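Each chain, written out:
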Amino acid sequence: INAEYMGAVSRQTPSLSIPVAESEEFLSVVLKVVESVAPQGELTVHDTGFDLEISPTVHDGNGRTEQDTFHKGNGLEYMNNHLGLSLEIGPNLICGDTTSDLPMVETAIRLCPDRTWAIFVVPDPTTSTIPQKLRAITERSMIVPSPDALISIFRKCSWIVREQKRMSPPPGPLDVSFGDKSF
């Protein structure tokens with residue numbers, strides 16, 4: 001099993017359009033397949049409720065496994081170091097939709113606390129722990145109800161950046177407001 005592989009497959013939509021029994025049955029099938037190809041526990045399945053994230057089980061020599069020692073924040077740091085993303089300089093915008101995305105925010109905040117923001121898609125914040133967990137990491141965060149809202153934010157930001165470049169080179173700090181949030 002390639003230790004650099006991590007995959008994901010969806011088992012539910014944000015609008016919960018897949019019947020629960022069908023989603024649970026799919027989860028059961030995926031777990032059986034993982035068990036058949038990795039009978040020694042070489043793969044770990046993390047169920048976000050929407051997606052199944054499958055990654056190699058990594059043992060650190062102290063009895064801890066992948067769930068304790070490897071996460072998406074590690075992946076972000078790896079990409080920063082190998083691709084020269086300059087996360088420590090910023091600005092950084094981390095987007096996600098599950099609790100497994102929160103370590104990316106933690107990593108970016110650790111590297112650049114003053115120039116990192118986060119936007120997470122959470123269809124129903126009243127039934128999710130993500131808003132509270134995200135705000136515990138950073139107040140520079142926003143919860144949006146759908147991927148379409150996130151795309152709208154990206155569109156507005158790109159328009160503002162384009163206008164700032166055209167009107168007053170070099171561009172100043174990005175000033176974007178959405179409701180009571182400012183980035």
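Small disclaimer: the values here were computed from a predicted structure and weren't measured.

Pairing is parallel across the open sheet formed by three strands, whose spatial order is β4-β5-β6. For this open sheet the edge positions go to β4 (92-96) and β6 (141-144), each flanked by a neighbour on one side alone. Averaged over neighbouring strand pairs, the angle between their axes works out to 15 degrees when direction is ignored. Its contacts with the sheet place helix α5 (residues 130-137) against β5 (116-121) and β6, and it is angled at close to 165 degrees to β6.

Residues Tyr78, Met79, Leu83 and Leu85 make up a contiguous nonpolar surface patch of roughly 410 Å² in combined accessible area. You can see Met79 is positioned in helix α3 (residues 72-83). Of the residues examined, Met79 reaches a relative accessible area of 40% and is grouped as partly exposed.

With that settled, consider the confidence of the model for the protein chain. For the protein chain, per-residue confidence averages 82 on the pLDDT scale, and 80% of positions sit at 70 or higher. Put simply, helix α2 (residues 66-69) is where the protein chain has its lowest mean pLDDT, 52, and helix α4 (residues 102-111) is where it has its highest, 96. Segment residues 169-173 is flagged for pLDDT under 50; beyond a separation of four residues in sequence, or across chains, it makes five contacts in the model.

Within the secondary structure, Thr13 is located in the loop between β1 (7-10) and α1 (20-37). Under the relative-accessibility criterion, Thr13 is labelled partly exposed at 23%. Remark: the alpha-carbon pair of Thr13 and Gly49, spanning 36 residues in sequence, is separated by 9.3 Å. If we ignore the near neighbours within four places in the chain, the residues touching Thr13 are Ile18 and Phe50. In terms of polar contacts, Thr13 uses its side chain to reach the side chain of Ser17, at 2.8 Å.

So, about the pairing of β6. Of the pairings in the sheet, the one linking β5 to β6 comprises four bridges and is parallel in character. Bridging across to β6, Val121 finds its partner in Val144. As for the winding sense of the linkage, the β-α-β connection from β5 through α5 to β6 is right-handed.

Counting 14 residues, the largest nonpolar core has Leu76, Ile94, Val105, Ala118, Phe120 and Leu134 as the members making the most contacts within it. When residues in this core are grouped by element, the largest group, six residues, is from α4. Those residues within four positions of Leu134 in sequence are excluded, and the remaining contacts are Leu102, Val105, Ala118, Phe120, Ser141, Met142 and Ile143.

About the thresholds
Within each chain, residues carry numbers counting from 1 in the order of the written sequence. With pLDDT at 70 or above as the cut-off, local features in this predicted model cover only qualifying residues; side-chain atom pairs require 80 or more to be listed or tallied, and sums for whole chains, interfaces and linings still use all residues. As a rule here, side-chain values come from all non-hydrogen atoms in the structure, and water together with hydrogens is ignored. Two strands form a pair only when DSSP identifies at least two bridges running between them. Strands are runs of DSSP state E lasting at least 2 residues, helices are runs of H or I lasting at least 4, and numbering of each runs from the N terminus. Axes here mean lines fitted to C-alpha atoms, for a helix over just the part in contact, with angles spanning 0 to 180 degrees between N-to-C directions. By definition, residues are in contact when any of their heavy atoms lie within 4.5 Å. Nonpolar side chains (Val, Leu, Ile, Met, Phe, Trp, Tyr) within 5 Å and like charges within 9 Å form the patches, drawn only from residues with over 30% relative accessible area and no salt bridge. Computed with the Shrake-Rupley method and a 1.4 Å probe, the accessible areas treat only the protein chains shown as cover for residues. Salt bridge, as used here, is a side-chain nitrogen of Lys or Arg placed within 4 Å of a carboxyl oxygen of Asp or Glu. Under the scheme applied here, a residue whose accessible area is under 20% of the maximum for its type counts as buried, over 50% as exposed, and between as partly exposed, the area being computed with a 1.4 Å probe on protein chains only. Every residue is assigned a pLDDT by the predictor, reflecting its confidence on a scale from 0 to 100. Whenever a nitrogen or oxygen atom comes within 3.5 Å of another N or O atom, the pair is scored as a polar contact, on the condition that within protein one atom can donate a hydrogen and the other can accept it, and that pairs from neighbouring residues in sequence are kept only if both atoms are in side chains. We call a crossover right-handed when, viewed with both strands directed away from the observer, the connection leading from the first strand over the helix to the second proceeds clockwise. What makes a nonpolar core is a set of buried Ala, Val, Leu, Ile, Met, Phe, Trp, Tyr and Cys residues whose side-chain atoms join them at distances within 4.5 Å.

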